[in-house]
Structures are given as C-alpha cells and as structure tokens.
Amino acid sequence: MNLPNMKQARLRTDKKVEFLDANNIKSDKFKNKKYFIRTYGCQMNVHDSEEIKGILENLGFRETTSLEEADIIVLNTCAIRENAHDKVFGFLGRCKHLKKENPNLIICIGGCMPQEESVASLLKEKYPFVNIVFGTHNINDLGKMILEENKKQQIEVYSIEGNVYEHMDYVRDSKITAWVNIMYGCDKFCTYCIVPFTRGKQRSRKMEDILREVKDLKEKGYLEITLLGQNVNAYGKDLEEEYDFATLLENVAKIGIPRIRFVTSHPWDFTDEMINVIAEHKNIMPYIHLPLQSGSSKILKLMGRRYTKEEYITLYNKIKKRIPGVSITTDIIVGFPNETDEDFKETLDVVNTCKFDGAFTFIYSPREGTPASKIKDTIPMEVKENRLHELNELINSYSLKHNQEYIGKTEEVLVLGPSEKGENKVYGYTKTMKLVNIDDAKDDIGKLINVYITDAKSFSLDGKKEVFIKNN
Ligand code: SF4
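Source: prediction; values computed, not measured.

**Quick look at the overall build of the protein**
Of the regular secondary structure elements, the protein holds 12 helices and 21 strands. Relative to the 2.2 N^0.38 estimate, which gives 23 Å for 472 residues, the radius of gyration of the protein is 23 Å and therefore close to what a compact globule would have. Each principal axis of the C-alpha distribution contributes one length, and for the protein these read about 60 × 55 × 50 Å. The buried share among the 472 residues of the protein stands at 57%. Across the protein, contacts joining residues at least 24 apart in sequence account for 74% of those joining residues at least 6 apart. As displayed, the protein has an accessible area near 21200 Å², and 49% of this comes from carbon and sulfur atoms. Of note, the protein has its 69 positive side-chain charges centred 2 Å away from the centre of its 71 negative side-chain charges.

**With respect to the sheet that holds strand β13 (residues 259-263)**
Strand order in this open sheet of 3 strands is β9-β12-β13, and the pairing throughout is parallel. Edge positions in the open sheet fall to β9 (177-181) and β13, since each of these has one partner strand only. Each strand of the sheet is rotated relative to its neighbour by a mean of 25 degrees, with strand direction disregarded. The strands that helix α6 (residues 207-219) touches are β9 and β12 (224-228); relative to β9, the one it contacts most, it runs at about 170 degrees.

**Examining the nonpolar core**
Among the nonpolar cores identified, the biggest contains 72 residues, and Ile225, Tyr235, Phe245, Phe262 and Ile319 are the most heavily contacted of them. At 7 residues, helix α7 (residues 245-255) tops the list of elements feeding residues into this core. Beyond its immediate stretch of four places on either side in the chain, Ile225 contacts Ala178, Val180, Val214, Leu217, Val252, Ile257, Arg259, Ile260 and Arg261. Grouped together as the second largest cluster of nonpolar side chains are 26 residues, Ile73, Phe89, Phe129 and Val130 included.

**Some thoughts on the site of the ligand**
Around the ligand sit Cys186, Lys188, Phe189, Cys190, Tyr192, Cys193, Val195, Pro196, Gln230, His266 and Arg305, and that is every residue in its neighbourhood. Looking at side-chain class alone, the shell around the ligand contains 7 nonpolar, 2 polar and 2 charged residues.

**Here we look at the pattern of salt bridges**
Under the criterion given, the structure shown has 32 salt bridges. One salt bridge connects Asp349 with Lys345, and the closest N-O pair in it is separated by 3.4 Å. Of the two residues, Asp349 and Lys345 both sit in helix α11 (residues 341-354), 4 residues apart, roughly one turn of that helix. In this structure Lys345 comes out as partly exposed when scored by relative accessible area, which is 41%.

**Quick word on the domain arrangement of the protein**
Each assigned domain of the protein is listed with its residue range as follows: domain 1 (19-156), domain 2 (169-404) and domain 3 (410-470). On a C-alpha basis, the centroid separation for the pair domain 1 and domain 2 is 29 Å. Listed by partner, the interface residues are 27 residues for domain 1 and 29 residues for domain 2. When the buried surface of domain 1 facing domain 2 is broken down by residue, Met44, His47 and Glu50 rank first, second and third, together holding 28% of it. Seen at the junction of domain 1 and domain 2, the total is 4 salt bridges.

**Details of the sheet that holds strand β2 (residues 34-39)**
Ordered in space as β3-β2-β4-β5-β6-β7, the 6 strands form an open sheet in which the pairing is parallel. A single partner strand is all that each edge strand has here, and the edge strands are β3 (62-63) and β7 (154-156). Where strand β5 (residues 106-111) and strand β6 (residues 132-134) come together, 3 bridges link them in parallel fashion. Of the residues in β6, the one forming a bridge with Cys108 is Ile132. On top of the sheet, helix α1 (residues 43-58) reaches β2, β3, β4 (72-77) and β6; it is set at about 170 degrees to β2, its chief contact.

Calculation notes
- Residues numbered from 1 in each chain as written.
- Predicted model: local features only at pLDDT ≥ 70, side-chain atom pairs only at ≥ 80, totals over all residues.
- Heavy atoms only, no water.
- Helix = DSSP H or I, 4+ residues; strand = E, 2+ residues; numbered from the N terminus.
- Rg over C-alpha atoms; globule rule 2.2 N^0.38 Å.
- Buried < 20%, exposed > 50% of the residue type's maximum accessible area, 1.4 Å probe, protein only.
- Contact = heavy atoms within 4.5 Å.
- Areas by Shrake-Rupley, 256 points an atom, 1.4 Å probe, with all protein chains shown as cover.
- Lys, Arg positive; Asp, Glu negative; His and termini not counted.
- Charge placed at Lys NZ, Arg CZ, Asp CG, Glu CD.
- Pairing = 2+ DSSP bridges.
- Axes fitted to C-alpha atoms, helices over the stretch in contact; angles between N-to-C directions.
- Core = buried A, V, L, I, M, F, W, Y, C linked by side-chain atoms within 4.5 Å.
- Near = heavy atom within 4 Å.
- Nonpolar A, V, L, I, M, F, W, Y, C, P; charged D, E, K, R; others polar.
- Salt bridge = Lys/Arg side-chain N within 4 Å of Asp/Glu carboxyl O.
- Domains from an automatic or database assignment.
- Buried area = accessible area lost by both parts, 1.4 Å probe.

Here is the structure:
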C-alpha cells in the first residue's frame with residue numbers, strides 16, 4: 001500500500017539506542033482546556049499514559065473524566081488481542097459524533113495499535129477525523145504534534161526504534177504506589193506475541209537513571225514501587241554493562257522503599273542470583289508472576305517459550321523453597337494451534353502440581369504478523385471455551401484454598417483507597433499481593449497497617465484493622 005505521508009510502522013532493529021532527555025515542552029496555549037484519556041491494555045500502557053498526561057499538562061490542559069467536556073481526547077491502545085481493536089474502533093465511533101458537535105476537538109490515538117502497519121493505514125483511510133496518530137516510539141513527540149495541530153491528520157509511527165528518554169514529567173495516578181519502567185520492548189519473540197513488533201527490541205534504561213527515579217519517589221513518600229518491563233529479568237542484557245536484573249533489584253532494595261515489586265518475569269531468564277536477592281531483602285515482596293502459558297512441552301516449543309514443562313516446575317520448586325511464603329501467579333493460554341486434549345491435560349497437571357495462587361487465563365487469539373498466526377488453527381471455539389472453563393474452575397479452587405489459609409492470621413496491608421464492597425470499607429494488598437477489603441479504616445488510606453483476616457473468597461480476603469504499624 002502506498003502511503004506517501006506516513007512513516008512505515010515496520011521496525012528496524014539495527015539502530016543504536018541513544019539515551020536522551022525528554023522533550024518536556026511547556027506552553028500555555030491550552031490553558032483552561034481539558035483532556036480526556038482512555039487507556040487500554042497492560043501496566044506498560046497505564047504507565048505510558050502517565051507520561052502522556054505529563055505532556056498534556058505541560059501544554060496547559062487539565063484532566064476531565066467527562067468525554068463531552070474534553071477539548072482533546074487521547075486513546076492509548078493495546079494490540080495484544082483482537083477484541084482490543086474492536087473496543088478502540090467502537091470508541092472512535094463515539095468520538096466522531098462529538099467531533100461533529102465540536103469541530104475543534106482534537107482526537108489522538110497512540111500506543112501499540114497504530115504501531116501495526118495495517119491499523120495505521122486504516123486510520124489514514126477510514127478515520128480522517130482522527131487528528132494525531134502516534135506509535136509507542138513517538139510519545140515523546142506528542143507535545144510538538146499537538147502544538148502543530150492544523151486539522152490535517154498527522155501520523156508519526158517511526159520506521160526506526162525509539163530511543164530511551166529520561167527526565168520525563170509524569171503525572172502519576174497514585175501518590176502511594178508508582179510504576180518505574182526499567183526497560184522497553186522485548187527480544188524474546190514468543191511466536192504468538194505482537195509485543196516485539198509493536199514495542200520493538202529490548203532497550204534497558206541505565207541503572208543510575210532508574211536508581212535516581214526510585215530515590216526521588218522515596219523522597220516524595222511513595223510506599224511501593226513496581227519495576228516494569230515486558231521481560232524484566234532480561235534487564236541489562238542489551239547494555240554493555242556488568243549489571244543485570246539481580247544487581248538492579250538489590251540496589252533498588254537498598255534505597256529503602258518499604259515495598260518493591262516487579263512484573264513481568266520470563267522463566268527462561270530467572271536466575272539463582274535473582275531468587276537470592278528476593279529472599280534476602282525484606283522489602284522485595286514475596287510475590288512472583290511467572291507466566292507458564294502451557295503445561296505441554298510440545299506446545300511450549302511451538303510458542304517459542306524456550307523452556308520445557310519440567311524446567312518450569314524445577315524453577316517453581318526452587319523459588320518456593322528459597323522464598324518461604326512466596327505467592328506465585330501465572331498466565332495460561334488455552335487453544336493454541338495443535339493443542340490436543342492430551343496437551344491440555346498436561347496443563348491441568350502442571351496446575352495441580354504448582355497449585356498457583358492465581359492465574360490470568362486466555363483463549364489463544366492469533367495476531368496478524370506473528371509466526372503463530374500462520375499455523376492452521378483447527379480447534380473449534382467450543383472446545384477452547386470448554387478448556388478455559390475447566391482450567392478456570394481448577395485455578396479458582398486453588399486460589400480459594402490459598403486464601404483460606406490466611407483466615408485468622410494478621411497481615412501487613414498497604415491501604416490504597418475506598419473499596420467497591422461497601423461504604424465503610426477500604427481496600428489494599430498484602431505483601432503476597434492478596435486483595436483485602438477492610439472494615440472501618442478510612443483514615444488509613446496511604447498507610448501500612450496490620451489487618452486481621454476474617455474471611456476468604458477466590459479473589460479477595462476480608463479483614464479488620466488490627467494495630468497500626470507504620471505511617472508515611
Ligand atoms: S516474553 Fe514473549 S510473551 Fe512476553 S513480551 Fe516478550 S515476546 Fe511477548
């Protein structure tokens with residue numbers, strides 16, 4: 001397809017990454033104007049939206065939660081699943097109506113979806129009312145694009161990979177917990193995954209820049225940080241430095257933030273050093289999300305996951321032994337092409353062996369451009385749905401059992417906000433990442449408190465405040 005004004009979305013992988021200062025353009029051109037932002041997808045996108053908010057607020061915009069009130073609408077999109085596309089295009093239909101009523105409304109779409117060449121082309125041809133289209137590598141250009149907005153569609157989806165930008169002005173969603181990006185992109189190329197195509201090759205931030213950000217968050221009083229990356233334990237492999245994720249984690253722990261988490265880990269990169277660092281530092285939380293994806297070594301090979309069922313179980317047991325009380329959750333995909341009943345049974349067997357604390361489970365959905373999308377998918381949807389149902393029943397039974405073990409115990413909980421479960425309730429998380437709804441602790445939002453656990457369900461615990469233990 002010939003698109004003369006569009007920089008093609010295909011990524012080059014030979015570009016040397018540069019470490020640059022962010023373009024924190026400040027202007028009062030949009031003073032008193034309002035922005036509405038909607039975020040789809042993973043934590044990475046949620047954190048990108050904090051960067052986008054910083055860019056918008058530097059231009060004078062202030063946030064509104066009312067779509068009708070907005071002068072600019074930003075959709076930060078996800079490309080992981082087909083239905084994510086449908087949701088975004090559905091929402092763009094609403095935006096089109098608003099634009100008819102307010103022709104000055106600026107509509108922007110960014111994130112992973114426009115990074116796909118076919119989506120960027122579609123937006124150009126069928127959605128001309130969208131003013132600005134920007135890829136995951138172009139967030140840093142958004143401020144400039146908004147200032148130059150002249151009612152003609154601008155598309156910036158770089159043909160080369162993004163640099164690493166430092167000193168960004170984030171508008172963080174929380175004053176209690178914060179995301180800290182430690183790397184961008186992924187080099188694993190699991191055969192079903194679009195991420196290496198939409199987010200590009202792995203680019204780690206330098207350790208000194210990450211530590212500076214963490215120290216700053218500590219000074220601002222944050223009680224919990226989560227180190228973020230598509231594959232955090234591959235951190236540093238792309239840098240010509242001596243350090244790796246274990247070194248980074250240890251240095252972050254020494255800064256003294258009360259709670260440190262990280263997401264997501266790939267079993268293939270999980271080292272003994274990492275396990276030791278987690279075991280030895282009390283402020284690194286005993287919670288690990290360790291995606292399994294399938295319990296069949298045959299399917300794992302087709303997925304390009306680089307480990308076998310046996311290797312996964314060995315790692316799982318090693319972590320459980322070295323870190324007492326650790327909770328482990330996972331991701332599992334059912335219905336991958338060529339998954340037989342026997343393969344699926346192997347997945348159930350691994351679940352029965354590992355007895356996970358919880359799992360995100362999915363039916364496989366092919367993503368255009370990935371190697372797996374070329375494998376003929378012969379499994380009927382009904383079979384996939386039945387497998388998902390059976391898997392969820394099993395996972396939920398183990399989640400409930402684990403949660404019931406907390407009844408009658410006292411747990412340290414970081415209280416985050418009002419709970420949806422009742423007027424006098426607040427919610428927070430244990431060290432092991434269990435959601436707890438707590439009675440009568442409204443004054444404790446933003447604090448670490450001791451909670452006596454009174455009841456357990458598959459997805460949450462109930463509790464009562466016991467003794468106040470730490471204050472910020
Ligand atoms: S590790 Fe695999 S599944 Fe995870 S982001 Fe990278 S390619 Fe995707």
